[in-house]
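In case you want the letters, here they are:
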Amino acid sequence: MEFQNAINFNDKTGFICDMDGVIYHGNQVLPGVAEFIQWLHDENKEYLFLTNNSGYTPKELNQKLARMGLDVPEEHFYTSALATAAFLKEQAPGCSVFAIGEAGLLNALYDAGITMNDVNPDYVVVGEGRAYSLDSLTKATNLVLGGAKLIGANSDVSGPIENGIAPACRALVAPIEMATGTRAYFCGKPNPLMMRTGLRLLNCHSADAVMVGDRMDTDVISGMESGMSTVLVLSGVSTMDTLKTFAYRPTVVLNGVGDIVTMAQDMK
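A. Up close: the sheet that holds strand β9 (residues 149-152). Spatially, the five strands line up as an open sheet ordered β7-β6-β8-β9-β12, and their pairing is parallel. Of all strands in the sheet, those with a lone pairing partner are β7 (115-116) and β12 (185-186), marking the two edges. Alignment of strand β6 (residues 96-100) against β7, held across two bridges, turns out to be parallel. Along β7, the bridge assignment pairs V97 with M116. Packing of helix α5 (residues 134-145) onto the sheet brings it into contact with β6, β8 (123-126) and β9, and relative to β6 it is tilted by some 150°.

B. Structural view of the sheet that holds strand β15 (residues 252-254). Pairing is parallel across the open sheet formed by six strands, whose spatial order is β5-β4-β1-β13-β14-β15. Since the sheet does not close on itself, it has two edges, and those belong to β5 (77-79) and β15, each with one partner. Each adjacent strand pair in this sheet contributes to an overall mean axis angle of 25°, direction not counted. Relative to the sheet, helix α1 (residues 33-42) contacts β1 (14-17) and β4 (46-51), its axis offset from that of β1 by approximately 155°. Each of β13 (209-213) and β14 (229-233) touches helix α8 (residues 216-225); the most contacted strand, β14, lies at about 165° to it.

C. Broad picture of the side chain of S158. Residue placement: S158 occurs in strand β10 (residues 158-161). A residue is classified by how much of its surface remains accessible, and S158, at 16% relative accessible area, is buried. If we skip the residues at most four places from it in the chain, S158 touches I165, A166, P167, A168 and R215.

D. Seen up close, the pattern of salt bridges. Inspection of the entire model under this criterion finds seven salt bridges. Ionic pairing is found between K189 and D18, a salt bridge with its closest N-O pair at 3.0 Å. Of this pair, K189 sits in the loop between β12 and α7 (192-202) while D18 is found in the loop between β1 and β2 (24-25), placing the two residues 171 residues apart along the sequence. For R170, the salt bridge is made with E177, and the minimal N-O distance between the two is 2.6 Å. Look at R170 and you get partly exposed, because its relative accessible area is 23%. Under the relative-accessibility criterion, E177 is labelled buried at 10%. A network of salt bridges, in which partner residues are shared, links D18, K189 and D219.

Quick notes on the rules
Residues numbered from 1 in each chain as written. Predicted model: local features only at pLDDT ≥ 70, side-chain atom pairs only at ≥ 80, totals over all residues. Heavy atoms only, no water. Pairing = 2+ DSSP bridges. Helix = DSSP H or I, 4+ residues; strand = E, 2+ residues; numbered from the N terminus. Contact = heavy atoms within 4.5 Å. Axes fitted to C-alpha atoms, helices over the stretch in contact; angles between N-to-C directions. Buried < 20%, exposed > 50% of the residue type's maximum accessible area, 1.4 Å probe, protein only. Salt bridge = Lys/Arg side-chain N within 4 Å of Asp/Glu carboxyl O.

Note that every value here comes from positions in space, so none of it alone points to a role or purpose.
Take a look at the structure:
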């Protein structure tokens, strides 16, 4: 734990929290999480669980946490899939896409009025998903070469799973970028569009909000560049050694989100 007097959590009204490595690893809830969520409710804090994983719908995330014994209503989730759909809806209403991804991405696109098209789509959109294959990569590559614009749901190269890491969206888009010579545009963290939407959903000013995450390269930088206080938790990807490789620092480094509750109570 570092800089433990740098944030008075009691004074903050909004909390934006990453999920993988902060709330859970795989299907295992992390220590202190239940107490943290209870504290958010007891103190009437506005909060949003923000995930770069595009595979899940808010309802699926609600049910995933329920299976771990955590009660978090659907409206408290915002995903890179929702951010991607919102971006496309604003940029090109009624556009068509060839999408590689799971239900979270496909549902978000459908809900935004975007149609699927594997012949001449306006965009190729890539998220995490089991449908990823050489066939889908080949199709996506040729559609981009034919003029479709390339979009990635998020720029994470990897994500934590119970027994290690899994390649994430940035790694999955890379073969299409390399084969076509086209750079993808990524909609999830650390894109400030996603953070600004999160703050708007919380009806909260950045100075009154805290970003909590386990990654320096997505969570901490996106919170910092949006003007929020930042908490790096060591329950996921980053370690104290990771800190040394970045030119910027979080406001506070904690072992896990349970430490937020302890610090808030100590400061009362």
